[in-house]
Every structure is written in structure tokens, then in C-alpha cells.
Amino acid sequence: MKIIAGNSNLPLAQAISDYLEIPLAKATIKRFSDMEAFVEIQENVRGEDVFVVQSTCYPANDNLMELLITIDALRRGSARRITAVIPYFGYARQDRKTGGRTPISAKLVANLITAAGVDRVLTLELHAGQIQGFFDIPLDNLIVGPVFVPEIEKRFAGKESQLVIVSPDVGGVVRARALAKRLDADLAIIDKRREQAGVSEVMNVIGHVEGKICLMVDDIVDSGGTLCNAAQALMDQGATAVQAYVVHGVLSGAAVDRISKSKIERMVITDSIPATDAVKNASNIEQLTVSRLMGEAIRRISNEESISALFI
Ligand code: R5P
């Protein structure tokens, strides 16, 4: 087995390599002066089971292109099997036509990755499970439960009866319900209406949150608008504290500043996207690693063992 790291998330790739006790394969991934990407794998991959770790986070287009070119280099180097390990799958929110003459970019990205020559994909908490169907090759979509659940159980030991798991929008109910079930906690839902693209508005809290510690669960925090507005709504309804557990910390623009000034006491994200300095310096944002989860999934794929057994 060989692991190759793209440039998008070197700390996570290194942590996965440490977990598997397999050093990262030597590869040069660099840019020509006109910013075209160039990849050279500097060790033999003929007949190898190769995993390329690359999040298609900001800058999404560069990171995606780097992934495609790396896959091409591996295919031409006669790797036996190539798995794209994409901890954060960018473009996933563009998973349907939202109007006339608009693209389904998530499907296009799936086509590009498949056409580049990958044999399978390993990813984490896809924005919508249906995106798996955009690929006609095997795709494993890991869920974050094994990372979030033990942390929540430890942190809120003795306060279990005060916890309510909250989905900050209707689209995230399945994810929140699964976590609530594992924690044996109640569920609440925010009915969010987005009147304008990029602007979110909280309308209603469905469920009982008064006197409760609310843990909001979401797949992505981008501008932070959804979570900050939801936190305000929960406090208005009498919650005693609001925290957030979010898989992918996209955190674009002024998101970190917005979250630090919000009613969110503490937000936990994972390292599917590397932390910027602003994230590292934020007093109410913490990062948990998914390296063990992803590393174990890689080990199981390579050994042809069950992935679903990871979530029992
Ligand atoms: C929406 O469907 C997603 O699950 C997230 O809630 C959304 O992408 C968060 O975006 P923002 O932080 O910009 O409100």
C-alpha cells in the first residue's frame, strides 16, 4: 500500500500516515510559473494499492486539478488500484439543478474524478448521501460519529439529560437524528428560510430547548450564518448554552470573526480541511482529527475488510 499526499491537507495526510505507520510516498507536486500543476511520483507504484489524500477545499479548483493530475500520473505509472481519499468533497452543495440553465457541478466533479482513472473513492460526510450515486465506481462515505460521539460523551458526562441535538436546518435532520440516537438525546430542528442566496434567516425552533444545552450538528460551516442565526434562535427560546459540532470547517470570509462574536459558546470542527491561523487563534473553535477514522478505513479497504463495522 502507498499513500500520496496532495498539497491541500498535508497535516491530515501526515497524521493518516502516522496512524498506518506507512511513510508518505515521495512525490513532487508543484506549479509551473503559469500556475499549471505538475506531478511526479518519485517511487515505483507498479502493482501497488495507492491512496491519494486530497481535500478539494479552498482553493477548490487548484486542489481538484492537482488530484486529477496525480491520479493520471499514478495510472500511467501502472498502479494496481487507485483510491481518491477526499476528506472534504468540494462542490458537493451543487448537487441538483437550482434553476433553469444551472449546472450539477457535484456530478461533473464525480465524472472528472472517475475519468481521471480512479478505482474507488473514500470520503467523509458527503453533503448529501445521494452524491454516492453520481459515481459508478465504489465509494465509501464515512460518518463522523466515531469521532464526535466519544468526545460528547466525555465532555458532557453527568449532563446527558440536559442535552438536545439540534439540526440547524431541515436538510441536516438525518445526520442530527443519527447522532441523537447514538447519544440517546432529544432532537430539535431549526426551520430555516433562506430568502436570498448567501443570506440565511432563522424562522422557527421545532422541539423543546428551554433549559437545555443545545448541540448543533452540521456537515459544513461556511459563512457561519446558518449556525450563528440558529444559535440566536435557540438562546431566544431559553437554551442555557449552544455549542456546535460541524464536520467541515470551510469558514470562508469573515466566518471565524462572526462565530467568535456569536452565541456559540464553542464550535468543534474536524481537520478534513486544514485550520487557518484565524481558526487556530479563535478562542471558541476546536479541531478534532479524523486521521484515525480515515486511516482505519484505508487499512480496511486495502485488506478488503468491512467499513460499516467501523460504525457499529
Ligand atoms: C447547508 O445545506 C449546509 O448543510 C450548511 O448548513 C451550510 O452550507 C452552511 O453554510 P453557512 O455557514 O454559509 O450558513
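All residue numbers refer to positions counted from 1 along the written sequence of the respective chain. Since the coordinates come from a predicted model, pLDDT governs what is reported: local features require at least 70, and pairs of side-chain atoms require 80 or more to be given and counted, while whole-chain, interface and lining totals use all residues. Side-chain metrics rest on all non-hydrogen atoms present in the structure, leaving aside hydrogens and water.

The protein is annotated in an unreviewed UniProt entry as Ribose-phosphate pyrophosphokinase from Micavibrio aeruginosavorus. UniProt positions are given in the numbering used here, feature names are shortened, and annotations may be inferred rather than shown by experiment. The UniProt entry for the protein carries this comment under Subunit (unreviewed entry): "Homohexamer." Here the protein is described in UniProt, under the heading Sequence similarities (unreviewed entry), as follows: "Belongs to the ribose-phosphate pyrophosphokinase family. Class I subfamily."

Student: Even after reading the chapter, I still don't get the site of the ligand, so can you show me in this structure?
Tutor: Near the ligand the following residues occur: R93, H127, D169, D218, D219, I220, V221, D222, S223, G224, G225 and T226. Any pair of nitrogen or oxygen atoms within 3.5 Å is treated as a polar contact; in protein, a donor-acceptor pairing is required on top of that, and neighbouring residues in sequence qualify only through side-chain atoms on both sides. One nitrogen or oxygen atom from the side chain of D219 is found 2.6 Å from an oxygen atom belonging to the ligand. Shrake-Rupley sampling with a 1.4 Å probe provides the accessible areas, and residues are treated as covered by the protein chains on show and by no other component. Relative to its free-state accessible area of 380 Å², the ligand is covered by the protein chains to the extent of 87%. The helix count covers DSSP runs of H or I at least four residues long, the strand count covers runs of E at least two residues long, and both are numbered beginning at the N terminus. Of all the secondary-structure elements, those providing two or more residues to the shell around the ligand are β11 (213-221) and α6 (225-236). Ranked by residue count, the leading element in the shell around the ligand is β11, at four residues. Here a residue is near a molecule or strand as soon as one of its heavy atoms is found within 4 Å of it.

Student: Sorry if this is basic, but what is going on with the sheet that holds strand β5 (residues 81-86) here?
Tutor: Within a sheet, adjacent strands bond to each other through the backbone by hydrogen bonds, running parallel or antiparallel. Read from one edge of the open sheet, five strands run β1-β4-β5-β6-β7, paired in parallel fashion. Edge positions in the sheet fall to β1 (2-5) and β7 (139-142), since each has one partner strand and no second. Mean inter-strand twist for the sheet, computed between neighbouring axes without regard to direction, equals 20°. Relative to β5, strand β4 (residues 49-53) runs parallel, the two being bridged by five bridges. In this analysis, strands are considered paired if DSSP registers two or more bridges between them. Working convention: axes come from line fits to C-alpha atoms, limited for helices to the stretch in contact. Angles between N-to-C directions cover 0 to 180 degrees.

Student: I would appreciate a short explanation of the pairing of strand β8 (residues 163-167) in the present structure.
Tutor: Along any regular strand the residues' side chains alternate between the sheet's two faces. Counted residue by residue, β8 has five buried out of five residues, so it is predominantly covered. Residue alternation in β8 divides its side chains into two sets, L163, I165 and S167 and V164 and V166, and both sets are buried. As judged from the four bridges shared by β8 and β11, these two strands associate in the parallel manner. For V164, the partnering residue across the bridge sits in β11 and is C214. Think of it in three bands: with a 1.4 Å probe and only protein chains considered, a residue is buried below 20% of the maximum accessible area for its type, exposed above 50%, and partly exposed in between.

Student: What's the story with unusual backbone geometry in this structure? I'm lost.
Tutor: Generally, phi is negative for residues other than glycine and the peptide bonds are trans, each holding for most cases. Here Y58 and P59 are connected by a cis peptide whose omega angle stands at -5°. Phi is positive for Y91, close to 70°, though the residue is something other than glycine. Structurally, Y91 can be placed in the loop between β5 and α3 (105-116). Of the residues examined, Y91 reaches a relative accessible area of 29% and is grouped as partly exposed. Backbone geometry places D184, a non-glycine residue, at a positive phi of 55°.

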